[in-house]
Amino acid sequence: MTFALDHESRRRLGYKLIDLINEYFDSLPDRRVQLPVEERSFERLTDRMPEVGEDAAKVLDEMAHELIERGFHVPAANYFGLMNPTPTYMAVLAEAFVAAINPQLASLARSQLASRIEIETVRWIGERIWPETSKFDGTFTSGGNEANFSALAMALASHFPCQIEDGFASCGDRPVAYTSAESHHSLDKSVGLLGIGRKALRRIPVNSRMQLDTQALEQRIMQDLATGFKPFCVVGTAGTTNSGAVDDLNALADICQRYGLWLHVDGAYGAAAVFSGKHRDLVAGIERADSVTIDPHKWMAMPFAAGVILTKRAEMLQTTFGVSTPYMPKIAGSTIIDNFKVSTQWSRRMNSLKLWLTLRVHGRQAYEQHIDTQLRLARQFADWIRQSEHFELLTNPQLTIVNFRVKGVPAPEIAAANQSVVDEVTRDGRRWISTTIAGGNPVIRMMVISYLTGEKQLNELQRAITAAARKVAISASK
């Protein structure tokens, strides 16, 4: 038995898979997101491990049929969900090619061109964030969690260099960081994993626009300084998960400058706005950040996984993550630093090729059009909500997430009414929206995230939520 397949078998299976993917992409503008509620199953699979193999074409057909006909379809145009996009087709091809050539990006010597492509892709992104300087660097990550972790690790290393080798017991300090009540919970994980404790992350209240309250932030910093804590970092958010809020990054930068703190911007979602010349002002001040997270697998239509951490304090990457080892191959005279010295990862995949190839084929202006179109569609939907007799906006959308709630319902009943509307809309599986809590308020959350979503899908969603609201109202009156 061997894993090797002959030339004709590889060709036949490859074409079969491409045909399946091609037909799947054709179906996405109208494909239902999931099965109707009564057909969904969440039980474990119980098949035994095969001792001998089956016909490859048969297995491929069966796998594709089950995943397509019974799966949950994040890439569908009717998915108005959690920052998970329809991937570009060039990105799909890039993923297949990367899996085939399987480059190892830990070191330049074992990846060569693959590492240089990643470095170039990081530079392209960094030039959109810091157009006035070339003194930045970064690396691809598995996603926003690792990117945020990396940023906090650099901020800690910058303020407490003693802990890199000897740990915090040698420093005798109590470090604290700050972020908004609406920021991503990867930050809680990160401070815990960094050993300073989750309570070291101060979550600051938000204002009426769901932005970090800068006055409350400064008061907390002064309080911590007065009681013996050592502030080291503020994390601003460019596009919160709940509402798409963008913190006042210039105001945060001013505070960080006053107190000598590292400013990190978690722009996993919203930092992509730098690719739009028309809407770059949505993240004004991002160029003042010491580090930035961006996840191309959110607003930039990349498949999982694709995160990036960038910093204009480039030396801190190697200070924080650098190690030496005798067995890693070296290239004499190279000016490129091996990635294992600037990253939390060691063996690592080439997650950059999908974005690099998409930019090569479609160009930055395609992203500009993508971002501009989705912002317009989200604002059109918000305008419709304003005119609705059944719903009301919580806040004006800043990016492509719209928060709204059922109108005319007593406050204690709003959460249940919102959930009833979402349950009704998603019952047949055709489309997907969700509920969440934004600024302490229960809301229905809708997001324009697929580049296949257009006015047709939004009009159908409007009809669906209106019908659901009427049905809920009738049920409540009985």
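Residues numbered from 1 in each chain as written. Predicted model: local features only at pLDDT ≥ 70, side-chain atom pairs only at ≥ 80, totals over all residues. Heavy atoms only, no water.

## Some thoughts on the pairing of strand 9 (residues 401–406)
With respect to burial, strand 9 is a largely interior element, 6 of its 6 residues being buried. As defined by bridge partners, strand 8 (residues 391–393) adjoins strand 9 across 3 bridges and the pair is classed as antiparallel. Within strand 9, the position partnered with Leu393 by the bridge is Phe404. Relative to strand 11 (residues 441–447), strand 9 is paired through 4 bridges, and the arrangement is antiparallel. Each residue of the ladder has a partner; that of Phe404, found in strand 11, is Ile444. (Buried < 20%, exposed > 50% of the residue type's maximum accessible area, 1.4 Å probe, protein only. Helix = DSSP H or I, 4+ residues; strand = E, 2+ residues; numbered from the N terminus. Pairing = 2+ DSSP bridges.)

## Some thoughts on the state of the cysteines
Linking two cysteines covalently through their sulfur atoms gives a disulfide. The final tally for this structure, using the stated rule, is 0 disulfides. Summary of cysteine pairing: Cys233 is not part of a disulfide, and the nearest cysteine sulfur, belonging to Cys256, is at 7.1 Å. Given a relative accessible area of 0%, Cys233 falls into the buried group. (Disulfide = S-S within 2.5 Å.)

## Focus: the packing of aromatic side chains
For the structure shown, the criterion picks out 12 aromatic pairs. Site record: aromatic cluster; members linked through ring pairs are Phe381, Trp384, Phe391 and Phe404. Above the face of the Phe229 ring, Arg174 is positioned so that its terminal group lies 3.9 Å from the ring centre. Positioned above the aromatic ring of Phe229, the side-chain terminus of Arg202 is 4.6 Å from the ring centre. (Phe/Tyr/Trp six-rings, centres within 6.5 Å; stacked < 30°, edge-to-face > 60°. Lys NZ or Arg CZ within 6 Å of the ring centre and 35° of its normal.)

## Digging into helix 1 (residues 7–27)
For helix 1, with 21 residues, the first-to-last C-alpha span of 31 Å sits near the 30 Å given by 1.5 Å per residue. Of the residues making up helix 1, those classed as buried are Ser9, Leu13, Leu20, Tyr24, Phe25 and Ser27. All buried residues of helix 1 project into a common sector of 160 degrees when viewed along the axis, lining one side. In helix 1, those exposed residues whose orientation departs by more than 90 degrees from the buried face are His7 and Asp26. Packing partners of the buried residues in helix 1 comprise helix 2 (56–70) and helix 3 (89–101). For helix 1, the N-terminal cap is Asp6; the gap from its side-chain oxygen to the backbone nitrogen of Glu8 is 3.1 Å. (Expected span 1.5 Å × (residues − 1). Arc of directions from axis to C-beta. Contact = heavy atoms within 4.5 Å. Polar contact = N/O pair within 3.5 Å; in protein donor to acceptor, adjacent residues only side chain to side chain.)

## Comments concerning the nonpolar core
Membership of the largest hydrophobic core comes to 84 residues, with the highest contact counts inside it found for Leu217, Phe232, Ile286 and Trp299. For this core, the leading source of residues is helix 5 (residues 144–159), giving 9 residues. When residues no more than four places from it in sequence are discounted, the contact partners of Leu217 are Tyr178, Ile204, Leu212, Val234, Leu252 and Ile255. Among the nonpolar cores identified, the runner-up in size contains 25 residues, and Phe80, Phe404, Val425 and Ala469 belong to it. (Core = buried A, V, L, I, M, F, W, Y, C linked by side-chain atoms within 4.5 Å.)

## Structural notes on the packing of helix 1 against helix 3
Where helix 1 meets helix 3, the closest approach of the two axes is 12 Å, and the angle between their N-to-C directions is 155 degrees. With respect to each other, helix 1 and helix 3 are oriented roughly antiparallel. Relative to helix 3, helix 1 is oriented so that their crossing is right-handed. Contacts between helix 1 and helix 3 pair Ile18, Ile21 and Phe25 from the former with Tyr89, Val92 and Leu93 from the latter. (Axes fitted to C-alpha atoms, helices over the stretch in contact; angles between N-to-C directions. Parallel < 35°, antiparallel > 145°, perpendicular 65-115°, else oblique. Left-handed = near helix turned anticlockwise from the far one by under 90°.)

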